[in-house]
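A look at the structure
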Amino acid sequence: MKNKKTNKKRYNSQAVKWGYLMILPVLLGLTVFYIIPFFQNIFYSFTDLNSFGAWKPIGLDNYRELLADDNFYMALKNTFTYTIFTVPLSIIISMTIANLLNKNIKGIGVYRTLYFLPAVTMPAAVAMIWKWIYNGQYGLLNQLIMKFGGQPKAWLADSNTALGSIIIVGIWMSLGMNIIFFLAGMQSIPKQYYEAAKLDGASGFKQFFTITFPLLSPTLLFVVTKDLIGSFQVFDIIFMMINKTSPALRSTQSIVYLFYQSAIDFGRKGYGAAVATVLFIIIIVITFIQMTIQKRWINNVKN
């Protein structure tokens, strides 16, 4: 008996060692590229770090300046506006499409591939295509508008339309991955529930809201959390689609764009680090609130 226990302990010890060895590359990557830069960023947010790497401690001066900066509040407003419109609309549209793709219809594989394309397309390529569509002189959108007798607009140069144009692109880009997640969640729901609902005379609409939607709540929690974090970090499509000299830049720049502008364009890396730290705090607080609320709702569904 003692030999068996000893062998079992040795086996468990070896399994633990091999387990740590297997995840060592991932741990090294996380440490070097995420954990260390994260703490460096917090440290530099309390310093006056310039483009040449020289720094001096200045305490809370960067945060005081940030809280008195009109550009920060404008970027915060733009980011919240982008999130408020992008996340709900993306989830509603992607869930609706996923429900349709979950049916047995002809050519379903082709439809699934087409809807997934935005997820595998590089953001830079997507931004360039949409920038051409929105072009004020020869863009496809203006060509269609003029064809029906309307007046063309400078969609990305007008402060009244630029952010809305960016929101549309953001929704389009997030659909592919969200559809895949929702479709996977729907296909994991046992078919017996739908068969029983049909026998009771439940319509497709009622089946969705009494079976599909409640049982899809864990997937919904994941997608909402993912989209919230991603929307608060929006940068690439704004950077690619809005010129730095555009009059609509201020009405579209996000918090991450403000960080880039401060740290890279103006060389104020300490101030940029403060912007990134405040963004991190905002994301943590909103994610905590959102997960707390939705976890209660999910537990109620399960019960």
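In this text the structure is predicted, and so the values were computed from the model without any measurement.

1. Remarks on the overall build of the protein
Per the secondary structure count, the protein includes 13 helices and 0 strands. Of the regular secondary structure in the protein, the N- to C-terminal order runs α-α-α-α-α-α-α-α-α-α-α-α-α. Relative to the compact-globule value of 19 Å for 303 residues, the protein shows a C-alpha radius of gyration of 25 Å, a clear excess of over 25%. On the principal axes, the C-alpha backbone points of the protein span a range of 70 × 65 × 35 Å.

2. As for the packing of helix α8 (residues 191-199) against helix α9 (residues 204-215)
Direction vectors running N to C along α8 and α9 enclose 165°, while the axes themselves pass 10 Å from each other. When the axis of α8 is compared with that of α9, the two are roughly antiparallel. Two packed elements cross with a definite hand, and for α8 against α9 that hand is right-handed. From α8, Y193, Y194, A197 and K198 reach across to α9, where they touch Q207, I211, T212 and L215. A class-by-class count of the residues in the contact of α8 with α9 yields 5 nonpolar, 2 polar and 1 charged.

3. Re the nonpolar core
Counting 58 residues, the largest nonpolar core has I91, M95, V169, F182, I237 and M241 as its most contacted members. Put simply, the parts of the chain that give this core at least two residues each are α2 (61-67), α3 (70-101), α5 (123-133), α7 (162-187), α10 (217-232), α11 (236-241), α12 (255-265) and α13 (269-302). Counting residues per element, this core draws most heavily on α7, at 12 residues. Apart from the residues within four sequence positions on either side, V169 is in contact with V126, W130, Y134, I237 and M241.

4. Looking at the pattern of salt bridges
Here the structure, examined in full by the defined rule, presents 4 salt bridges. Linking R64 and D61 is a salt bridge whose minimum nitrogen-to-oxygen distance equals 2.8 Å. Note that R64 and D61 are positioned in helix α2 at a spacing of 3 residues, about one turn of the helix. Overall, D61 belongs to the partly exposed group, its relative accessible area being 39%. A salt bridge links K244 to D265; the shortest N-O distance between them is 3.2 Å. Remark: D265 occurs in helix α12 and K244 occurs in the loop between α11 and α12; sequence separation between them is 21 residues. For D265, a relative accessible area of 31% gives the class partly exposed.

5. Some remarks on the environment of L175
For L175, the location among the structural elements is in helix α7. According to the relative accessible area criterion, L175 is buried, its value standing at 12%. Taking the C-alpha atoms as reference, L175 lies 6.2 Å from S90; in sequence the two are 85 residues apart. Excluding anything up to four places from it in sequence, L175 contacts S90, I93 and S94.

6. Some thoughts on the confidence of the model for the protein
Scored by pLDDT, the protein comes out at a mean of 86, with 93% of its residues at no less than 70. Across residues 299-303 the pLDDT falls below 50, and counting only partners more than four positions away or on other chains, this stretch makes 2 contacts in the model.

7. Here we look at the packing of α3 against α7
Closest axis-to-axis distance for the α3/α7 pair is 7 Å, and the angle between their directions is 40°. Looking at the two axes, α3 sits oblique to α7. Where α3 crosses over α7, the two elements pack in a sense that is right-handed. Each residue belonging to the contact of α3 with α7 can be placed in one class, and the counts come to 18 nonpolar, 9 polar and no charged.

8. Examining the side chain of S251
Tracing the sequence through the fold places S251 in the loop between α11 and α12. For S251, the side chain forms a polar contact with the main-chain oxygen of A248, separated by 2.9 Å.

9. As for the side chain of S94
Looking at the element boundaries, S94 is found in helix α3. In this structure the side chain of S94 is engaged in a polar contact, spanning 3.2 Å, whose partner is the backbone oxygen of I91.

10. Quick look at the environment of F288
Within the fold, F288 resides in helix α13. Residue classification places F288 among the exposed positions, given a relative accessible area of 60%. It is 9.5 Å that separates the C-alpha atoms of F288 and T225, two residues lying 63 residues apart in sequence.

Calculation notes
- Residues numbered from 1 in each chain as written.
- Predicted model: local features only at pLDDT ≥ 70, side-chain atom pairs only at ≥ 80, totals over all residues.
- Heavy atoms only, no water.
- Helix = DSSP H or I, 4+ residues; strand = E, 2+ residues; numbered from the N terminus.
- Rg over C-alpha atoms; globule rule 2.2 N^0.38 Å.
- Axes fitted to C-alpha atoms, helices over the stretch in contact; angles between N-to-C directions.
- Parallel < 35°, antiparallel > 145°, perpendicular 65-115°, else oblique.
- Left-handed = near helix turned anticlockwise from the far one by under 90°.
- Contact = heavy atoms within 4.5 Å.
- Nonpolar A, V, L, I, M, F, W, Y, C, P; charged D, E, K, R; others polar.
- Core = buried A, V, L, I, M, F, W, Y, C linked by side-chain atoms within 4.5 Å.
- Buried < 20%, exposed > 50% of the residue type's maximum accessible area, 1.4 Å probe, protein only.
- Salt bridge = Lys/Arg side-chain N within 4 Å of Asp/Glu carboxyl O.
- pLDDT = per-residue confidence, 0-100.
- Polar contact = N/O pair within 3.5 Å; in protein donor to acceptor, adjacent residues only side chain to side chain.

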